[in-house]
Amino acid sequence: MEFFVISLLNGLSYGLLLFMLSSGLTLIFSMMGVLNFAHASFYMLGAYMGYSIGRVTGFWVALLLAPLAVGALGALFERLALRRVHRFGHVPELLITFGLSYVVLELVQLIWGRLALEFHPPEVLQGPAFTLIKDATGALGLAWGAAPAQVCQAAGAVCSPFPATRGFMMLSAVVMLVSVWLLLTRTRIGLVIQAALTHPETVETLGHNVPRVFMLVFGAGCALAGLAGVVGGMTFLTEPAMAATVGSIIFVVVVVGGMGSLAGAFVASLIIGVVQTFAVALDYSLGSLLAQLGVTLSPALQGNTLVKMTISQVAPILPYLFLVLVLIFRPRGLLGTREG
Amino acid sequence: MKFVWKSVVTASALLLGGAALAQQGEVVKIVRIDPLTGLMGPVGTNQDKSYKFFAEKFSGKGNPAGVTFEFRTIDNKLSPTESLNALKSALDSGVRYIAQGNGSSVTAALLDAVNKHNERNPGKEVLLLNDASVDPDFTNSKCSYWHFRFDADTSMKMEAITTFMKDKPDIKKVYLLNQNYSHGHQVAKYAKEGLAKKRPDVQVVGEDLHPLAQVRDFAPYIAKIKAAGADTVITGNWGSDLSLLVKAANEAGYEGKFFTYYAGVTGTPSALGQGSAGRVYQASYLHPNMGGQMQQWMNEFKAKYNDDFYTGSIPRIYAMLGAAMAQAKSTDPLKVAAALEGLKVTTYNGEIEMRRLDHQLQQPLYISVWQKTDAKHSYSPENTGMTFVQQVEYPNYVSSTPTSCQMKRPGK
């Protein structure tokens, strides 16, 4: 049971990190029709800036400043490069963000080196957020922070601490989700953004500066990625390959959730996070499945790599399988509204 | 007439003398093909420094042949394909000694390429000096005359681990977590064989393979290990795959033992921290408190690079190459290979032998445990205040394992 709870929390926290990333991507896409290939690069920039700023100011200030800096860079990129390319259509826009991702990768390696940085979480976030305690009778208990040693050492008791960094990751994602949602639905600027989404010309005739709204949205999307970068870089690893590792998965999230749908991205990130985490725990293979169905296999077939392969071994490719299935059976994504 | 005789004698004496010292002063170029970037970059970078450090120590008067060692690394990004390109460029620049260690997948590709090259280019043979790649296949089914392994292979280290486990009755449930490539598969295979032989009562409660140098988050694996009720984990993981695993284990409060091959490698000591004291074991041919010559080298290395030296096969490669070149009176790989076969030299922890049968170095192995430093064990990797303390030493004859190698020697 505590295995289920801890795995669920691990999956949810990873899923929420994916959501922090993909929310910005999907926001930009729904607004401007730009599929930002460099989005994961802004995530990486967030982590590296968080590390560098944090060394001077401490982590908490960096958590605020790094996303702002990344957002400013994103806005600058939109103003100076993307806007000029905009009039040539979507393919040049796609290509320029594609190019940007390579430029950012090389720049990061030039500035910070090719090896992983030691981005340690602050004192408060080191150690467990809470501990699940299963006592000898099997009943589950909960203790905030680290559980007292005598409880865990009691006969039959099992303690499962949940790291504070992951708790913080979940918390910041939820806070972010709520504030973005409030901003979009409850504020004036949110209304303008929503209107510019569907009727840019009308909004422009009403006297709003639509290009500036676009710049702000692009900047805000990048800032969200930057925030995810600071949190993710601290929890996992800050290294030059970090953009590449999430880069493809956030596209899966956005496509599965439905292009441009914030709610869809939320659902898809949670599904992918949880599925990937639980897949690691499943030791079923084609062979064991057939054996359970009563099919006897020849020794040669039992030794076959494909037959032996367990779900836990294929866990890393499951999201992509999911992507293919969604594209075949529901091309607009889970909660998407547009067709194709 | 007398004069003629005299000059003939002098000339032949000169020739003989010259022949005896033909290799003296020659430059021996060694190129290592290994990662300097990516997740495993820190390991390759440390070993690059180690090779350079010992090239200085062993050059000139440092070796009986009087040759000068020149060393450089070509970054292969841990990719077999990139490694083959690197090999090509090394061969093109006239290098005849190739070193490699990280990633059996890379070793397999290089071994194949070196075999083909030597077959097609007689007179231009190259040797593959394997300093850390431990897949037993390279000295068994795939054994090659051109390959020499200076590390102890998986079967030898697992022999040491399982022999040690014989006296640890509290180990009851073992979990095998390894990287999904040849090395990881071999560790899992030999662990199961060794346990079945020496501790048939031990239950293997789970077995997992994860992608090499890809996983950033080991929390799901740790949750699984805990749920399986394992009190001990055996892992051949190295580099980030081990340090992130230990980090996740500490965060999730896993209290079991770890039997590792590479806990002393860059990044892992810091991840182990104080929380893992007494629970993490390492099977290796070197530990940080060897005393003697090795201790001096380690201290000097730390003073020079502010980094820890842990790849003990590197000084042995230089020592054996020097001895073999002196014996062969040449730096020609063909002659040096013949001299290396069966060669015995004494290095920092006694006599080691390059077994003629399969080119596997026979050497003592140690099981050491992670604990606080004290007066007797003062060297602390990565300044953690902790160190590895020797539990047992297995001399050559204990750690030795049989081979099935049918060595094909040139010209026979």
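Residues numbered from 1 in each chain as written. Chains lettered and ligands numbered in written order. Predicted model: local features only at pLDDT ≥ 70, side-chain atom pairs only at ≥ 80, totals over all residues.

A. A look at the overall build of chain B. Across its full length, chain B holds 13 helices and 15 strands. Referenced to the eigenvectors of the C-alpha coordinate spread, the extents of chain B come out at roughly 95 × 45 × 40 Å. Within chain B, buried positions represent 53% of all 412 residues. For chain B, the proportion of contacts with a sequence separation of at least 24, taken over those separated by at least 6, is 72%. (Helix = DSSP H or I, 4+ residues; strand = E, 2+ residues; numbered from the N terminus. Buried ≥ 20, exposed ≤ 12 C-beta atoms within 10 Å, placed from the backbone. Contact = placed C-beta atoms within 7 Å.)

B. Broad picture of the overall build of chain A. From N to C terminus, chain A includes 16 helices and three strands. Its C-alpha atoms give chain A a radius of gyration of 23 Å, within 12% of the compact-globule value 20 Å for 340 residues. In terms of overall dimensions, chain A has a C-alpha envelope of 70 × 50 × 40 Å along the principal axes. (Rg over C-alpha atoms; globule rule 2.2 N^0.38 Å.)

C. Broad picture of unusual backbone geometry. Phi is positive for alanine 213 of chain B, close to 55 degrees, though the residue is something other than glycine. Looking at the element boundaries, alanine 213 of chain B is found in the loop between strand 7 (203–210) and helix 7 (219–227).

D. Here's a closer look at the domain arrangement of chain A. All names here are of chain A. The domains assigned to chain A are domain 1 (2–121 + 165–243) and domain 2 (124–163). Listed as interface residues are nine residues of domain 1 and, on the opposing side, 10 residues of domain 2. Every element with two or more residues in the side of domain 1 that touches domain 2 is listed here: helix 1 (2–32) and helix 6 (164–186). A per-class count over the side of domain 1 that touches domain 2 returns five nonpolar, two polar and two charged. (Domains from an automatic or database assignment. Nonpolar A, V, L, I, M, F, W, Y, C, P; charged D, E, K, R; others polar.)

E. Expanded view of the environment of leucine 323 of chain A. Residues and elements named next belong to chain A. Inspection of the secondary structure puts leucine 323 in helix 16 (residues 318–329). Residue classification places leucine 323 among the partly exposed residues on the basis of 19 C-beta atoms within 10 Å. Each C-alpha atom, one on leucine 323 and one on alanine 196, is 30 Å from the other, the two residues being 127 residues apart in sequence. Those residues in contact with leucine 323 that lie beyond four places of it in its chain are Val252, Val255 and Val256.

F. View of the pairing of strand 3 (residues 158–163) of chain A. Residues and elements named next belong to chain A. Of all six residues that make up strand 3, five are buried, and the element is covered over most of its length. In this structure, strand 1 (residues 128–134) lies alongside strand 3, joined through six bridges in antiparallel fashion. Pairing of lysine 134 across the sheet is with valine 158, part of strand 3. (Pairing = 2+ DSSP bridges.)

G. The arrangement of the interface of chain A and chain B in detail. Listed per partner, the contact involves 23 residues of chain A and 22 residues of chain B. Residue assignment for the side of chain A that touches chain B shows that the elements contributing at least two residues are helix 1, strand 3, helix 11 (262–281) and helix 15 (311–314) of chain A.

H. Looking closely at the packing of helix 6 of chain A against helix 7 (residues 188–198) of chain A. Residues and elements named next belong to chain A. Two numbers describe how helix 6 lies on helix 7: the axes approach to 5 Å, and their chain directions differ by 80 degrees. Taken together, helix 6 and helix 7 sit at an angle that is classed as roughly perpendicular. The segment helix 6 lies against helix 7, with Leu183, Leu184, Thr185 and Arg186 engaging Gly190, Ile193 and Gln194. Each residue belonging to the contact of helix 6 with helix 7 can be placed in one class, and the counts come to three nonpolar, three polar and one charged. (Axes fitted to C-alpha atoms, helices over the stretch in contact; angles between N-to-C directions. Parallel < 35°, antiparallel > 145°, perpendicular 65-115°, else oblique.)

I. Quick peek at the sheet that holds strand 6 (residues 173–179) of chain B. Residue and element names in this part refer to chain B. In spatial order, the strands read 7-6-8-9-10-14-15; together these seven strands make up an open sheet with mixed pairing. With one partner strand each, in any of the chains shown, strand 7 and strand 15 (386–394) form the two edges of the open sheet. Averaged over all neighbouring strand pairs, the angle between strand axes comes to 20 degrees, with direction disregarded. Here eight bridges tie strand 14 (residues 365–372) to strand 15, and the two strands are oriented antiparallel to one another. Bridge pairing in strand 15 places lysine 372 opposite methionine 386. Lying on the sheet, helix 7 is in contact with strand 6, strand 7 and strand 8 (232–235); it crosses strand 7 at an angle near 170 degrees.

J. Local environment of the domain arrangement of chain B. Residue and element names in this part refer to chain B. Domain assignment breaks chain B into domain 1 (18–152 + 292–362) and domain 2 (155–284 + 364–399). Placing the centre of domain 1 and that of domain 2 at their C-alpha centroids yields a distance of 27 Å. Taken together, the contact pairs 21 residues of domain 1 with 21 residues of domain 2. Of all elements in the fold, only helix 2 (41–58), helix 4 (104–120) and helix 10 (292–305) reach the threshold of two or more residues within the side of domain 1 that touches domain 2. When the residues that make up the side of domain 1 that touches domain 2 are grouped by side-chain class, the tally is 11 nonpolar, eight polar and two charged.

K. Focus on the packing of helix 3 (residues 59–86) of chain A against helix 4 (residues 90–112) of chain A. Residues and elements named next belong to chain A. It is at 8 Å that the axes of helix 3 and helix 4 come closest, and there the two elements cross at 145 degrees. The crossing of helix 3 and helix 4 is right-handed. When helix 3 is examined against helix 4, the residues Phe77, Ala81, Leu82, Val85 and His86 are found in contact with a partner set consisting of Pro92, Glu93, Ile96 and Leu100. Its residues assigned to classes, the contact of helix 3 with helix 4 comprises seven nonpolar, one polar and one charged. (Left-handed = near helix turned anticlockwise from the far one by under 90°.)

L. Broad picture of helix 10 of chain B. Compared with the 20 Å implied by 1.5 Å per residue over 14 residues, the 20 Å span of helix 10 of chain B between its first and last C-alpha is a close match. With its phi angle positive at about 50 degrees, asparagine 306 of chain B sits one or two positions after the end of helix 10 of chain B. (Expected span 1.5 Å × (residues − 1).)

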